[in-house]
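# Observations on the three-dimensional arrangement
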Amino acid sequence: METQTVHHGAMFDTNELVINMGPQHPSTHGVLRVVLRLDGEKVVDCDVVIGYLHRGIEKLSENRNWTQIVLLTDRMDYVAAATSNVGYCETVEKLLQLEVPRRARYVRTILCELQRIASHCLWVGTHAMDIGAMTVFLYAFRERELILDLFEEFCGARLTYNSMRIGGLPLDVPPGWAKKVLEFCTIMEAKVGEYEELLTHNRIWLERTKGIGIISGPEATGLGLCGPALRGSGVARDVRKDEPYAAYDEVQFDVVIGTNGDTYDRYLVRMEEFRQSLRIIRQATEGIPEGPIVGKVPRLIKPAAGETYHAIESPKGELGYFIVSDGKSTNPYRFRVRPPSFCNLQGLRRLVRGHLVADVVALIGSIDIVLGEVDR
Amino acid sequence: MPTPLFIAQIGLTLFVFVMLLSSAAGMVYVERKVAALLQQRIGPYLVGPKGLLQPLADIIKLMFKEELRPSAADAFLFALAPIISATCAFAAFAVVPFGGDTTLLGLIPGGLRLQVADVNVAILVVFAIASMSVYGIVLAGWSSNSKYSLLGGLRSSAQMISYELSYGLALAGVLLVGNSLSLTDIVNRQAGTWLGFIPHWFVVVQPIGFLIYMTAGIAETNRAPFDFPEAEQELVAGYHTEYSSMSFAMFFLAEYVNMVTVSAVATDLFLGGWHGPFLSESIGWIWFLLKVAAILFFYVWMRWTLPRYRYDQLMRFGWKILLPLAVVNLLVTAAGVLYFGS
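Let's shift gears to the overall build of chain A. Helix and strand counts for chain A come out as 15 helices and eight strands. Projected onto its principal axes, the C-alpha coordinates of chain A cover approximately 80 × 50 × 35 Å. Relative to its full complement of 376 residues, chain A shows a buried share of 60%. When the accessible surface of chain A is summed, it comes to about 14,000 Å², and 53% of that surface belongs to carbon and sulfur atoms.

What follows is about the packing of helix H5 (residues 147-178) of chain B against helix H8 (residues 207-220) of chain B. All names here are of chain B. Two elements in contact, H5 and H8, have axes whose closest approach is 9 Å; the angle formed by their N-to-C orientations is 150°. As the angle between them shows, H5 and H8 are arranged roughly antiparallel. In this structure, H5 crosses over H8, and the sense of that crossing is left-handed. Contacts from Gln159, Tyr163, Glu164, Ser166, Tyr167, Ala170 and Leu171 of H5 reach H8 at Gly209, Ile212, Tyr213, Ala216, Gly217, Ala219 and Glu220.

As a further point, take the packing of aromatic side chains. Summed over the entire model, instances satisfying the criterion amount to 25 aromatic pairs over all chains. Both rings, one in Tyr248 of chain A and one in Phe253 of chain A, keep their centres 6.0 Å apart while their planes meet at 70°; by these two values the pair is edge-to-face. When sorted by exposure, Tyr248 of chain A lands in the same class as Phe253 of chain A, which is buried. Ring pairing ties together the aromatic residues Phe127, Tyr163, Tyr167, Phe210, Tyr213 and Phe270 of chain B, which thus form one cluster. The ring of Phe141 of chain A is capped by Arg144 of chain A, whose NZ or CZ atom sits 5.3 Å from the centre of that ring.

Residues and elements named next belong to chain A. On the secondary structure map, Trp66 appears in the loop between helix H1 (57-61) and helix H2 (69-74). What makes Trp66 buried here is its relative accessible area of 1%. Each C-alpha atom of the pair Trp66 and Pro332 lies 7.1 Å from the other, and the pair is 266 residues apart in sequence. In this structure Trp66 touches Tyr88, Val92, Leu95, Ile166, Ile301, Pro303, Ile323, Ser325, Ser329, Thr330, Asn331 and Pro332, once residues within four positions along its chain are discounted.

The next thing to look at is the pattern of salt bridges. Residues and elements named next belong to chain A. Under the criterion given, the structure shown has 44 salt bridges over all chains. The salt bridge involving Glu290 is made with Arg103; its shortest N-O contact spans 3.9 Å. Of this pair, Glu290 sits in the loop between helix H11 (263-286) and strand S6 (306-314) while Arg103 is found in helix H4 (residues 102-130), placing the two residues 187 residues apart along the sequence. Under the relative-accessibility criterion, Glu290 is labelled exposed at 70%. Across the pair Asp242 and Arg237 runs a salt bridge whose closest N-O atoms are separated by 3.2 Å. Look at the salt bridges and you will find they share partners, linking Glu113, Arg116, Arg231, Asp238, Arg240, Glu273 and Glu313 into a network.

Now for the confidence of the model for chain A. Per-residue pLDDT for chain A has a mean of 86; in total, 95% of the residues score no lower than 70. Ranking the helices and strands of chain A by mean pLDDT puts strand S7 (residues 317-325) of chain A first, with 91, and strand S1 (residues 5-7) of chain A last, with 57.

Turning to a nonpolar patch on the surface, a few remarks are in order. Residues and elements named next belong to chain B. On the surface, Leu52, Leu53, Leu56, Ile59, Ile60, Met63, Phe64 and Met246 cluster together into a nonpolar patch covering about 780 Å² of accessible area. Within the secondary structure layout, Ile60 lies in helix H2 (residues 54-63). Owing to a relative accessible area of 41%, Ile60 belongs among the partly exposed residues under this scheme.

On to the interface of chain B and chain A, then. It is common to give the size of an interface as the accessible area lost on bringing the parts into contact. Counting residues at the interface gives 23 residues for chain B and 35 residues for chain A. Linking chain B with chain A are one salt bridge, by the criterion used here. Put simply, chain B and chain A have ten residue pairs in polar contact (both at pLDDT 80 or more) between them. When contributions to the side of chain B that touches chain A are tallied by element, the ones reaching two or more residues are H5, helix H9 (232-235), helix H11 (285-305) and helix H12 (311-340) of chain B. Ranked by residues supplied to the side of chain B that touches chain A, first place goes to H5 of chain B with four residues. Residue composition of the side of chain B that touches chain A, grouped by class: ten nonpolar, five polar and eight charged.

Next up on the list: unusual backbone geometry. Residue and element names in this part refer to chain B. Although it is not a glycine, Lys50 sits at a positive phi angle of roughly 55°. By secondary structure assignment, the location of Lys50 is in the loop between helix H1 (4-38) and H2. We note that Ser245 has phi near 50°; this positive angle belongs to a residue other than glycine. Relative to the helices and strands, Ser245 resides in helix H10 (residues 245-270).

What counts as what
Residues numbered from 1 in each chain as written. Chains lettered and ligands numbered in written order. Predicted model: local features only at pLDDT ≥ 70, side-chain atom pairs only at ≥ 80, totals over all residues. Heavy atoms only, no water. Helix = DSSP H or I, 4+ residues; strand = E, 2+ residues; numbered from the N terminus. Buried < 20%, exposed > 50% of the residue type's maximum accessible area, 1.4 Å probe, protein only. Areas by Shrake-Rupley, 256 points an atom, 1.4 Å probe, with all protein chains shown as cover. Axes fitted to C-alpha atoms, helices over the stretch in contact; angles between N-to-C directions. Parallel < 35°, antiparallel > 145°, perpendicular 65-115°, else oblique. Left-handed = near helix turned anticlockwise from the far one by under 90°. Contact = heavy atoms within 4.5 Å. Phe/Tyr/Trp six-rings, centres within 6.5 Å; stacked < 30°, edge-to-face > 60°. Lys NZ or Arg CZ within 6 Å of the ring centre and 35° of its normal. Salt bridge = Lys/Arg side-chain N within 4 Å of Asp/Glu carboxyl O. pLDDT = per-residue confidence, 0-100. Patch = residues over 30% accessible without salt bridge, like charges linked within 9 Å, V, L, I, M, F, W, Y side chains within 5 Å. Polar contact = N/O pair within 3.5 Å; in protein donor to acceptor, adjacent residues only side chain to side chain. Nonpolar A, V, L, I, M, F, W, Y, C, P; charged D, E, K, R; others polar.

Now the structure itself:
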């Protein structure tokens, strides 16, 4: 990026300062590099450089059979691995036109929402830490730990779960698990209030987040933002409501939207989503039906030639899979992911312009990216 | 022939120096333990009983680290900056009294004041040295020839001009009430009580001054929520990004010693110094330590609870809220002193 001379009058000509923020920087949430052009501390422009965590997951998938790919999807959004699993499995099920048993769909809903809470916990912790509130981070991780325990009990893993199979679940939920989930809901309800007590009405927090990175609804839609980053601008777009998957059409919940589209509203949206997720988990856990956990899956998964796109609402936004099958081989012909973090990240340049260096970290936190998903 | 008083004075000077050093080490430990307590962790526990030797381990680790200097750095200023910071931090404490007269078990007939130097303009000395310590940070930021360091140094100077004025005005209020520039005189004026139970502390007559002093004190010591020059999440480590080994340790030390100094001055000015109920003046330093510890705990508590301000917001806060408030406080105090007498 070229620097320009800024004319401040006849006496002084000053140069813009170019700063490489990342890939080694405490608050770029992984390996993101943002090249900032600064006038003093004001950001004139920025360039987002990605690719430091590229592992070629899309290409790899074209050489794996359909079941093996589930494991690769874990590695994309590694703080919400189960959501990626569900998204992928549902896409293949759509391609195969496979019926998934109701019990499996309910468990998927519970897992997805638990995962949303875990992901938002990580987000609220790191976002608050970027703005300097250290303690929220450990509080949020304490609750995330409870969710990881629930996942460990369900599938044995704590980060990359490989928790889904095409057509249903790999195994049924262990006995007593549902009760533990409900107990967790009670604990979490109180803890969300604790986070909010530390932040929501904190004067410093308000000053640091209100009016920072304002983006209007139409502009956010135009940039392709999704998830809470879009809903914070007042656009009520939520795949769970608009194109229900799993058991979302059988549970009651509200789509939370903001009004101003600033960092504070995106924060409020996610905080309220904690509560909505708990609401969904409670309904799904109480209404979990009896029955099989896997549908009629052919022994050899080999979808007929064709293509399909299916999206789900991951904690970060619309996570879509586009899969092409040539009908001949046992692996996809083309595997493409629409990762919400990637789409949200391209809004960063628009958001940070004119703000200060201190706000850049707040804004990176506010769009909630996971670099594993951006680079794949 | 050195008199016992002279030897005691030398001893006291050494004692204060060593105590400041170990109070900084102690503060590191306390900070980590209190942070752990607030965050529901355990904190250091491996090195020594309950992790008490952790600061020592940290120091040893820092001593054995390689001393690095960026090739583009200004070598002289780069080496000078941490020295300025550390020197200023220690120097300011020289005029701070921390206890009443003591005869040291009858060894010194005339009595020894627990203070390195009784300067009759002590407040001005503290204020002057505190302002100088900013040079350490600004020079460190500039001489490193690194972008993050530069931003940290610039923030520090911007921050200084926005809190120093209100800091000074808050002190002026106490000067009017105490009618002296000597910290010892000011402390001695705070002895006794009103109505038998309200301690004669200046915080009672100068509550706004105390709040302004404490707020500016946080900015002065670069502690969260005003730790902009080293804002980790924004500037990596700010002005000391390029420092390593002992030169980094000196900045670290300076920060903690500054905290102790600011707390000690606050105790002398507003909280009655070594005066307190139950204890006689000869062991009044126990009260002094307790009060300083309370303020230090408050600092640590703030740091681990609050988010960080933005430096332009601190400037706005300093100029638009703190300064007018300090001016009003000073005027009201002056009027009060004129009307009631001091």
